[in-house]
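# Per-entry structural report
The chain contents come next:
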Amino acid sequence: MTETPLNETLLNEKARIGAPSIPGLTEEGESLTPLEPAETTRPQSASAPASPLGGDAAKGHSHGGGYGIPDSSRAGRLTSYTLEDFPAIRGTEEEWRFTPLKRFGGLHTAALDGAAPAVAVEAPEQVRVETVGREDSRIGSAGIPEDRVSANAWSHFAEATVVTVPAGAELEDRVLVTLTGAGKAAAAQHVVVVAEDGARAVVVLNHVGEAVVSENVEIVLGDGADLTVVSLQEWSDASVHASSQQVKIGRDAHLKHIVVSLGGSVVRVTPTARFAAPGGEVELYGLYFADAGQHLEHRTFVDHAQPNCVSNVLYKGALQGKDARTVWVGDVLIQKQAEGTDSYEKNQNLVLTDGCRADSVPNLEIETGLIEGAGHASATGRFDDQHLFYLMARGIPEDVARRLVVRGFLNEIIQKIGVPAIEEHLTEAVERELAAGDN
């Protein structure tokens, strides 16, 4: 009797339980290093889980840090509430190599003692709006700072704004949180948005005025909650803004998170979504339009740490003018225990003039082969000549045709918001951006 090979046995077992097979992966994931197995190794912290990489790659941190190889795996990113735990930023690190630190307003080095942007909230009467101190138990409920700039803001904010949508509430009107910059003195800001169990709402964070600010936004979804959060960056031309937006998603909860960056000199937004229980779904969308001299940077991270969760990431950007610069880095981590995951991320950039630069880096880490699917895509280019020809052949002037193409390209994101007044406002803002160029 011929013995069945081990690989064939594994494939037969996966077929028996209906698990899809991904080339190069087993149930334990791809072997990324020759180090010893994770089961035989523990990180330095006794309470931390075993490292998925194992051996000398294991890394623990007393403040809830990850594990893995620093600057190699997204899972190995240090997390801490304490500024001093983070080394000084040199600009050569993977997470900072694209950011113009000389234009960053000292958000990574200075004491953030300036006045924070003023907060005004328009909300239905069911919504609770509170101004709380640092000791409030809801502070830190969504996540821990993942970089030095976020930790610096954590160390310096004096009070936080907490917006709570109560359990079971289904809001017909949006919640508008307007944050108005108070000047060029470097400042820290903290905002917490909570959607309790079964709540359904749209929350808009509108950043306006002039500011140099590092901001931590925490978003917490209870079980079965359905929340849309729109973060608008419409700062004045000289503003500098770093925003760490961390999301904790409960069982069977759904988040739609939309970032729109149009104004500011340097804007860096880093949304992180973590599933706290099975059955969750997150949609991360982004729209940005960079003019001459602007630097607009977005870094997304989806941490699939629970089974049967879904994530979809789509960011679109346009660039025009000398030294217009955009950066998108998308990270998705599917941990070993996250069986049944369905994930996809995509970034598209449309370059309208010479002298622009768009960096696009999708990253996908998979530690289990028992998933529904995972993929990523990235594209950067100029106008599609066929689209222009089609429009111009029907009598539309070239400049008008170009605007139509850009409008259609970006409108896919605008339509995701679902609030007509905001969609109309952003459509007009995109028209103004186009009118400012030669397109």
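Let us look at the structure shown here. In this numbering scheme, every chain counts its residues from 1 along its sequence in written order. Restriction of local features to residues with pLDDT of at least 70 applies here, the model being predicted, together with a cutoff of 80 or more for giving and counting side-chain atom pairs; totals for whole chains, interfaces and linings are based on all residues. Side-chain figures throughout are based on the complete set of non-hydrogen atoms in the structure, without hydrogens or water.

## Notes on the sheet that holds strand 1 (residues 118-122)
In this analysis, strands are considered paired if DSSP registers two or more bridges between them. The helix count covers DSSP runs of H or I at least four residues long, the strand count covers runs of E at least two residues long, and both are numbered beginning at the N terminus. Strand order in the open sheet formed by 9 strands is 1-4-6-8-10-12-14-16-18, and the pairing between neighbours is mixed. The open sheet has two edge strands with one neighbour each: strand 1 and strand 18 (373-381). Strand-to-strand twist across the sheet, computed as the mean angle between neighbouring axes with direction ignored, equals 10 degrees. Summarising the sheet, strand 8 (residues 226-233) and strand 10 (residues 254-261) pair through 8 bridges and their orientation is parallel. Angular values range over 0 to 180 degrees, each being the angle between N-to-C directions of two axes fitted as lines to C-alpha atoms, with helices fitted over their stretch in contact.

## Digging into helix 2 (residues 148-156)
Counted residue by residue, helix 2 has 7 buried out of 9 residues, so it is predominantly covered. Each residue is placed in one exposure class: buried if its accessible area under a 1.4 Å probe, protein chains only, is under 20% of its type's maximum, exposed if it is over 50%, and partly exposed if it falls in between. What helix 2 keeps buried is the set Arg148, Val149, Ser150, Ala151, Asn152, Ala153 and Trp154. Throughout, a residue-residue contact means that at least one pair of heavy atoms, one from each residue, lies within 4.5 Å. Those residues of helix 2 that are buried are in contact with strand 5 (183-195), strand 7 (211-221) and strand 9 (240-249). Nitrogen and oxygen atoms within 3.5 Å of one another constitute a polar contact, given that in protein one can donate a hydrogen and the other can accept it, and given that sequence-neighbouring residues count only through two side-chain atoms. For helix 2, the N-terminal capping position is held by aspartate 147, with its side-chain oxygen 3.1 Å away from the main-chain nitrogen of valine 149.

## Observations concerning the pairing of strand 9
Burial runs high along strand 9: 9 of the 10 residues are buried. As judged from the 10 bridges shared by strand 7 and strand 9, these two strands associate in the parallel manner. For asparagine 216, the partnering residue across the bridge sits in strand 9 and is serine 244. Of the pairings in the sheet, the one linking strand 9 to strand 11 (residues 266-275) comprises 10 bridges and is parallel in character. If you follow isoleucine 249 over to strand 11, its bridge partner there is phenylalanine 275.

## Digging into helix 4 (residues 398-414)
The span one expects for a helix is its residue count, reduced by one, times 1.5 Å. With 17 residues, helix 4 extends 24 Å from end C-alpha to end C-alpha; this agrees with the ideal 24 Å at 1.5 Å per step. Restricting attention to buried positions, one finds in helix 4 the residues Ala401, Val405, Val406, Phe409, Leu410, Ile413 and Ile414. Residues of helix 4 that are buried make contact with strand 10, strand 12 (281-290), strand 14 (310-319), strand 16 (342-351), helix 3 (385-392) and helix 5 (420-436).

## Regarding the sheet that holds strand 17 (residues 357-366)
The strand order 2-3-5-7-9-11-13-15-17 describes an open sheet built from 9 strands, whose pairing is mixed. Each edge of the sheet is formed by a strand with only one pairing partner; in this case those strands are strand 2 (128-133) and strand 17. Averaged over neighbouring strand pairs, the angle between their axes works out to 10 degrees when direction is ignored. Packed onto the sheet, helix 2 meets strand 5, strand 7 and strand 9 and runs at close to 90 degrees relative to strand 7.

## Examining the packing of aromatic side chains
Aromatic contacts are taken between Phe, Tyr and Trp rings whose centres are within 6.5 Å, Trp giving its six-membered ring; a plane angle under 30 degrees counts as stacked, one over 60 as edge-to-face, and the others as tilted. Going through the model one piece at a time under the given rule, you end up with 3 aromatic pairs. With a centroid separation of 4.8 Å and an interplanar angle of 45 degrees, the aromatic rings of tyrosine 81 and tryptophan 154 are classed as tilted. Highlighted residues: tyrosine 81 in the loop between helix 1 (6-16) and strand 1 and tryptophan 154 in helix 2, separated in sequence by 73 residues. Judged by relative accessible area, which is 32%, tyrosine 81 ranks as partly exposed. The class of tryptophan 154 is buried, set by a relative accessible area of 10%. An aromatic cluster is defined as three or more aromatic residues linked by ring pairs; in this entry it consists of Tyr81, Trp154 and Phe157. Only when the NZ of Lys or the CZ of Arg is both within 6 Å of the ring centre and within 35 degrees of the ring normal is a charge said to sit over the ring. For the cation-ring pair, arginine 134 lies above phenylalanine 157, with the distance from its terminal atom to the ring centre recorded as 4.4 Å. The ring of tryptophan 96 carries arginine 268 above its face, with NZ or CZ at 3.7 Å from the centroid.

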